[in-house]
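# Understanding the architecture of this molecule
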Amino acid sequence: MSQITVKVGLASCGVAAGAMEVFELLEKHREQGADFRLMRTACIGMCFEEPIVELSGGKLGTLSLGQVKPGDILENIEEYRQDKIPNANVILTETHEGSRDSLLSEQTRIVLKNCGVIDPKSIDDYEAHGGYSALKKVMTMSPQEVIEIIKASGLRGRGGAGFPTGLKWSFAAQAKGAKKYVICNADEGDPGAFMDRSTLEGDPHNVIEGMIIGAYAMGADEGYIYCRAEYPMAVKHLKLAIADAQRKGYLGRSILGTNFYFTLHIKEGAGAFVCGEETALMQSIEGKRGMPVIRPPFPAESGLWGCPTNINNVETWANITWIINHGANEFKEIGTQDSPGTKVFALTGKIAGSGLIEVPMGISLRDIIYKVGGGMKSDRPFKAVQMGGPSGGCIPDSLLDTTVDYDSINATGAIMGSGGMVVMDSSTCMVDVARFFLNFTQSESCGKCTFCRIGTRRMLEILTRITKGLGTMEDIQKLRDLAANITKGSLCGLGQTAPNPVLTTLRYFEDEYLAHIQDKRCPAKVCSSLLRFEIIPDQCIGCTACARVCPVSCISGKVKEVHLIDQELCIHCGACYSACKFNAISKG
Amino acid sequence: MQVVLNGKNLEAPEGMTILDLANREGIAIPTLCHDKELVPNGSCWVCAVKVEGRRGFVTSCGTKLTPGMKITTDDQEIHAARKMALELLISDHYADCEAPCKLACPDQVDVQTYVSLIANGKYHEAVKVIKDTLPMPLSIGRVCPAFCEVECRRKIVEEPIAIRQLKRFAADEDLEDFWQYIPEIKPANGKKIAIIGGGPSGLTCGYYLSFEGFEVHLFEAEQACGGWLRYGIPEYRLPKDILDREIELMCMGGMQIHYGMALGDQLSLSDLSRDYDAVYLAVGAQNAVPMPVQGSDLCGCYLGVDFLKSHAKGQTPDLGKKVAVVGGGNTAIDCARTAIRLGCDVSIIYRRTKDEMPAELFEIDAAMQEGVKFHFLCNPVEYSGIDCKLNTVKIEKMSLGEPDKSGRRRPEPTGQCFNEEFDSIIAAISQVPEVEPFSRAENQIGGETLPISRWQTAIVDNATMYSGMANIFAGGDFQRGPATAIEAIADGRKAAEAIQSYLLTGELPKPKFVFDSKRAQKLEDVAPEEYEMFIKAPRIQMPQIPLEKAICTFQEVETGFSEIQARREAARCLECGCQVNDTCTLRSYCSQYEVEMDRFMGSISRHPIDYTHPFIVRNANKCINCGRCIRTCAEIQGANVLGFIYRGFSAIVAPEFGESLTQTNCLACGKCTDVCPVGALVERNLNYKLNPRPKEDILQNCGLCGVGCKIQVEMQAGEVVRITTPEQDPGFNGKNLCFKGRFGWQSFAGKLSLPLIQQNGKYQTISWKDAIVAIQAKLEQAESHSIEITPHITCEEMLIAQRIADTLGLDLRANRRYFAFSDYWLDLVPKEYAFGLLEDHNEFVVIGNLNCTLRSMIRLQQRQGKKLTLVAYPDEPFAKFADLKLSNLSDLPEGGNPLFIYNQNRISEAEAGHIWQLAGSNQHVLVTTDYTNHGAFLSVGARPVRTRKVDFALCFGQVPASKADFKVAITPYMPEGHEADIILPGPNYLEIEGLAIGDNGEVSRFVNPAKSMVINELMRVFYTLNWISPATADLPHWNNLALGLLAKMSHSVPEPYDSLPDIALREAVVPSDAPIEQYLESLYKLRKTPVQF
């Protein structure tokens, strides 16, 4: 009987869920002589099941346990050793009979192929899984040939806009200049998005290898990974990976014995959302305040320190090795004709299976939510999905059969964006959602363009007014006018897309706006100023629980008598509603 | 390349932006953030245009043309977007274009400006400003209820500025001034105007029209003019001799007054309308509203207006001993205080309480002090008398109910009554115009009657006072009902403007939209925290005659401010109106696009105004985040003291950590104030309270170093108050000036005004005459002389010095320090654009420190891709721009064809020698100096001073270098550290009309903007001493000679460079010794010292 291998997912999501405790316990146990191989890996995507422990090497094959508790794990391993299905939350089995297998079976893993599989801190493990073979292959080709492969693959930039990567590379390759740069944009800032973090935490070498290949193809000798400082584990793994790659001759002078020379730096961003915009990102690397600058000239012509520069996002770079290894044709077989390949999404919100997924382009939103994501978290019906983060838009139920590709998503008014997907159910107020996203973008505006700096603030103020029941019909027109000019009159994507959540909610949920303005009512019962809390006399038993929690003491009533809320004094905080155990308070 | 601009095919060069092309084609595109010297920023978006195929708008400043580009620069969508951009900017522009006092004044008097002029001691000028809109400051300065003071922001600090009293002060000063302000009278235009009524409104209308060249006939029913000012305002508030003098002044434009002429009696409206080109009816509201009380027909019952008028005419009725006055307005108070002065026992009966009284508080208090009793919450309901003579007044007690329409609580009868005995009662309730005559046939025109409202007032258009009937205009109380004099004046002025336009253009003036940004609609809406930085300074109390004297005479109670009091009071003004409200780009676009200030009202970023820098006021409330200051400071000047802080809506321009500019590396070059398109960064003057009023701009050159930048000298009241770069006609220096050029002249406050003589080791001021006597005495004994010049003076002064030397049979001499080995090879050919030399080179090697503006000009060249090497450059912010930094000239790589640049006063001669050797036969060396007139200095052929001692030495610009028994220096400043026997004040570059030849032959012109006479005084000295002939004691003579010198220089050719002369090169640096340098130095140090407002 071969030795059992125990792998613990130690990405940020796992650690946050307590995986480190499990790992330390196992490590201590193994040091004391327990007979299993202990390995670390990163995130497999099912963040909602963390901590996840994978067991392999036994007769049962590979199986994964979710929501592992430190108290049970040793027993679970013992059961596995005895070829018994552990008495635990088995989420994946090799035979696809586990409860969560369908979540993976609908996925196609190119970018995340190694995530949750290999030890991200081990270059050897990466190499054992075919790492750096693409680079070796590339070294036998001419740079032009490499660009041709990427062009032929049809890969489009995964940062959001979907610009053909091969074409972008060819611009940088053709640009005149002795010095060129490649940059990896890892400044993931959308609320609810964590694709880049998981990728970098789980498989840093894949991104680095992609960048080395890109640098070779474009003739760059220096590169930067611009990563948020708030991603300490990603930064740590990247630093280690760069040092290891250097040690093994994949980075630095005469890479793999050739004349090719490439160094890679990490620049930690200080948390400004706008630095995800390529020109602002380069300003930030140069040590200036991260503010976008006018294009053209585009970075390919004049980028970092005025040199030709190519910027791709983490996911784009992470596709490169697979394409080189498998060829452009195989890549094109995945996805749609105009949007080949896969797309990674971060599923969050009111969805059962929140986490990271990678699906082939062309899949419908319905399949993502109901098959891959496991449907809604509660029994409340689906209402909308926000795609593309704060720059994206809300797609309603009626458009759930939209397929995931750049053009179809754009047609809905949302954008593919980098891959955040926030699922909302009927308990979400769409005006409030628009307000939430706009609040984010307006506070993250760099302050340069008039429309973005002041216009988004004014839109936010109008939305806030509406959620307080103080909106007028004129406000709707003002929102539309502001949105139009902010979109047309901003230098960078932040401003150009900031009104999207408002525009799409106005497009698909105008009735909710009208309910707030005309009827002074929030249909989703979210906007507290518009809520009216009342005690239902038939249900109230006079337990006084509501009166005791009311912060303004506006509930009167004696014990065992029906209570009454003074509507004049009520501040709509909802404390009574939560405190009542007898559903005796109505909200509406 | 070919592009299409608004449908027109055009040829345009590579690299041109849409904005440049539009400008070339005369198409105006607004822009706030663009700056020619800087890389386009594209932040304001008011320059938005559309390009076919491009999504959304593009910035025209930042978009370069591409072949075939199709551009639309304006359409409805673009217009709406620009307007929205402006509305958004304005929604967060927490600032006042105009001062609230001005806006509060019914007549829009520019209070802030005239108050600042008073603070600066310019009273005559202040009156000029007042009379632009208000021709009766003597009267209004005494009687105005001062709407302005109600809105004065100083109230937030402690008390409002005493604006009314300051106005009176300036007017009183001007009245006694020989050069009393009387506007220029325009030539007669042949149009005749009739004005009915000689009150403030009629007089004002006549005043403005008569000075505009109209023939004005004013008809007054009484035997004297002034209207209510004469017959309503008592003597103790407005002495009638003051009023007479004011009216006399108002008639200086030719207005003819015809007394005893009343409409309806001697005059008919139809005749007037026919005989005159326009008629202005300002008949006032003459009729008192009677008190509807039983018994008011008794003897001893008077109406307020009638009583005051009778008194003014000297026909005071006998009031008896005990007098009641009914009413709470100013008229009631005037009646009461008049009755007090007549020796009566006076009570005011008023229906409400003191708080509701419409009279001015200070008037009420004065009445109380003078002994007037007050029956508040009382109302007379019945008068009864004996023998038809008033004896008893039945008074009902009142209580206050709900507020009425005016916001005052309504008095309600209580039914409780009491009786009080009075000998007479004066009811001062209200007045109405006499309108009966207008319905008569002779006052109708073409069967039409003048439109009259149900309040018995004329109905007119509020902007033009036009009645809508024929050529008839009407204003003042006649259209308002009883109001204030200042409102009547405002109507009169508006009517004058409208009549002028109506008669000269055939049309009434159309209202022009002028945008006004306001911090708040009312004083109460202003946040007090923003005023915490101001130190409390209580309002100066107006001096008054003693109370015991006041109550028994009609002498004027207020005696007026002293000069010290007035200036101190005026200095309290917080300068709320924007300094640049006339030149602000944002405001002009907002006016052009008819921006609505509150379309996008929302939260506003508020910041305290930073007054800590002595030369620059930083007001972030006005900032529009265009970043021009930041970029200029960082990228051109190098100081890099400003940046954006915070994000999103809160993003704002500030020094690091938002600290004071004085705590930064600010070079006080002031360029940020020059590039700021709004009033967020404005200059300050240490010695002058600046104001928004447009100044007289005079262009000349700076005379503080050899660069000779072109400057715009801004004059107010004959004084230089600001220096900046010329906006319309920029010089080679563009918007660049150094600290010296922009602010350094403020040290001229330390200038000499009279000659000094040294006695017992101390300098003493003497008269010019005594100075001549002292010099003459010495000259008589002197046998040997030395006449010297310096390079700090103009060509004219050099030529005068040369003439003096000639007269004395001498060679012109100069201190050895001014001569350098390189003088032989300098290009002295006078030029208009000497620094064009920089454009001809692609590589610059700068050795040692350089003049600040020249530095900026080199930097701008470098930004076009040229190479800059700095050698032995001081550790200064500019050094970071170097492409190559060397500590030693010998490290300079060989090759290339650089232009070597150095300042002769800032490196040693030995170093300079090394440069010339390196430059070799190319001679590509630009030598700059700290000397105003180095070029002419070398051309006039002065020779180094001799070592032999002389009896008498005279030097222009410094103390003589010769050893001499008696030394005379001619210099604008005290030359500290040098001993002279006599110092004669000389002109500086703002005090003489003259020429200078700066570095590389750049010609500087000075125009004497301040009209100084100092050079004339000097010439008087010279011809008295027989050094020059009386015929030549006239500056134009020397101006001509200076032009001749220039012409001669144009033939001079630099000697061919061969090798360095065989002389020892000085190892020591020879800095400029111009006496002003030390004054500039100490002023420069102030930029690091925080100051208070």
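Residues numbered from 1 in each chain as written. Chains lettered and ligands numbered in written order. Predicted model: local features only at pLDDT ≥ 70, side-chain atom pairs only at ≥ 80, totals over all residues. Heavy atoms only, no water.

### Regarding the overall build of chain A
- Looking only at helices and strands, chain A features 24 helices and 18 strands.
- The C-alpha atoms of chain A give a radius of gyration of 26 Å, which matches the 25 Å a tight globule of 588 residues would have.
- Principal axes of the C-alpha set define a box for chain A whose edges measure 85 × 65 × 40 Å.
- Of all 588 residues assigned to chain A, the portion counted as buried reaches 59%.
- Residue pairs at least 24 apart in sequence account for 70% of intrachain contacts in chain A once pairs closer than 6 positions are excluded.
- Put simply, chain A shows about 22,200 Å² of open surface, and 50% of that area lies on carbon and sulfur atoms. (Helix = DSSP H or I, 4+ residues; strand = E, 2+ residues; numbered from the N terminus. Rg over C-alpha atoms; globule rule 2.2 N^0.38 Å. Buried < 20%, exposed > 50% of the residue type's maximum accessible area, 1.4 Å probe, protein only. Contact = heavy atoms within 4.5 Å. Areas by Shrake-Rupley, 256 points an atom, 1.4 Å probe, with all protein chains shown as cover.)

### Here's the deal with the domain arrangement of chain A
- If you check the domain split of chain A, you get domain 1 (5–100), domain 2 (123–331), domain 3 (342–425), domain 4 (430–518) and domain 5 (531–587).
- Placing a centre on the C-alpha atoms of domain 3 of chain A and another on those of domain 5 of chain A gives a separation of 39 Å. (Domains from an automatic or database assignment.)

### Quick look at the side chain of Glu569 of chain B
Residues and elements named next belong to chain B.
- With respect to the helices and strands, the residue Glu569 is situated in helix H20 (residues 563–571).
- For Glu569, a relative accessible area of 0% puts it in the buried group.
- Engagement of the side chain of Glu569 in a polar contact is seen with the backbone nitrogen of Ile540, the distance being 2.9 Å.
- Leave out the neighbours within four places in its chain, and Glu569 touches Pro160, Ile161, Ala162, Leu166, Pro538, Arg539, Ile540 and Phe561. (Polar contact = N/O pair within 3.5 Å; in protein donor to acceptor, adjacent residues only side chain to side chain.)

### A few points about the sheet that holds strand E9 (residues 309–313) of chain A
Residue and element names in this part refer to chain A.
- Here we have four strands laid out as an open sheet, ordered E8-E7-E6-E9, and parallel in their pairing. One side of each edge strand has no neighbouring strand; the edge strands of this open sheet are strand E8 (263–269) and E9. On average, each strand axis in the sheet is inclined to that of its neighbour by 20 degrees, with strand direction left out of account.
- Sheet contacts for helix H11 (residues 232–247): strand E7 (222–228) and E8; angle to E8, the most-contacted strand, approximately 165 degrees. (Pairing = 2+ DSSP bridges. Axes fitted to C-alpha atoms, helices over the stretch in contact; angles between N-to-C directions.)

### Focus on the packing of helix H26 (residues 795–807) of chain B against helix H30 (residues 1014–1024) of chain B
Residue and element names in this part refer to chain B.
- Between H26 and H30, the shortest axis-to-axis distance is 12 Å and the interhelical angle comes to 5 degrees. In terms of orientation, H26 lies roughly parallel with respect to H30. Between H26, through Glu797, Ile800 and Ile804, and H30, the contact on the second element is made entirely by Ile1015, Met1019 and Phe1022.
- The class makeup of the residues in the contact of H26 with H30 is five nonpolar, no polar and one charged. (Parallel < 35°, antiparallel > 145°, perpendicular 65-115°, else oblique. Nonpolar A, V, L, I, M, F, W, Y, C, P; charged D, E, K, R; others polar.)

### Details of the side chain of Arg153 of chain B
Residues and elements named next belong to chain B.
- Positionally, Arg153 belongs in the loop between helix H7 (147–150) and helix H8 (154–157).
- Classification of Arg153 by relative accessible area gives buried; the value is 2%.
- For Arg153, the side chain forms a polar contact with the side chain of Asp96, separated by 2.7 Å.
- With residues near it in sequence (within four places) discarded, Arg153 still touches Asp96, Pro100, Arg519, Ala520, Leu523, Val526, Tyr531, Leu574 and Cys576.

### Some thoughts on the environment of Gly362 of chain A
Residues and elements named next belong to chain A.
- Within the secondary structure layout, Gly362 lies in the loop between strand E11 (355–360) and helix H15 (365–372).
- Residue Gly362 is classed as partly exposed on the basis of its relative accessible area, which comes to 28%.
- Along the sequence, Gly362 and Ser408 sit 46 residues apart, while their C-alpha atoms lie 9.3 Å from each other.
- Once residues lying within four places of it in the same chain are set aside, the contact partners of Gly362 are Thr336, Thr403 and Val404.

### A few points about the sheet that holds strand E34 (residues 884–886) of chain B
Residues and elements named next belong to chain B.
- Spatially, E34-E33-E32-E35-E36 is the arrangement adopted by the five strands of the open sheet, whose pairing is parallel. Each edge of the open sheet is held by one strand with a lone partner, namely E34 and strand E36 (925–928). Neighbour-to-neighbour, the strand axes of this sheet turn through a mean angle of 20 degrees, independent of strand direction.
- In terms of strand pairing, strand E32 (residues 843–847) meets strand E35 (residues 899–903) through four bridges, oriented parallel. Counterpart to Phe844 in the pairing with E35 is Leu899.
- Where helix H28 (residues 909–919) meets the sheet, its contacts fall on E32, E35 and E36, and the angle it forms with E35 comes to roughly 165 degrees.

### Quick word on the interface of chain A and chain B
- Counting residues at the interface gives 33 residues for chain A, matched by 35 residues for chain B.
- The three residues of chain A that bury the most area against chain B are Arg453, Arg458 and Lys488 of chain A, which together make up 22% of that side's buried surface.
- Our count for the contact surface shared by chain A and chain B stands at three salt bridges.
- Between Arg599 of chain B and Asp481 of chain A there is a salt bridge whose closest N-O contact spans 3.7 Å.
- The tally of links from chain A across to chain B stands at 18 residue pairs in polar contact (both at pLDDT 80 or more).
- The set of elements that each furnish at least two residues to the side of chain A that touches chain B consists of helix H17 (430–444), helix H18 (450–467) and helix H19 (473–488) of chain A.
- The element contributing the most residues to the side of chain A that touches chain B is H18 of chain A, with eight residues. (Buried area = accessible area lost by both parts, 1.4 Å probe. Salt bridge = Lys/Arg side-chain N within 4 Å of Asp/Glu carboxyl O.)

### Overview of the pairing of strand E27 (residues 719–724) of chain B
Residue and element names in this part refer to chain B.
- The buried fraction of E27 amounts to five of the six residues, a majority that puts the element mostly inside the structure.
- Relative to E27, strand E26 (residues 710–716) runs antiparallel, the two being bridged by five bridges. Within the sheet, the bridge partner assigned to Val713 lies in E27 and is Ile723.
- Where E26 folds back onto E27 in an antiparallel hairpin, the turn is made up of two residues, including Ala717, whose phi is positive at roughly 50 degrees.

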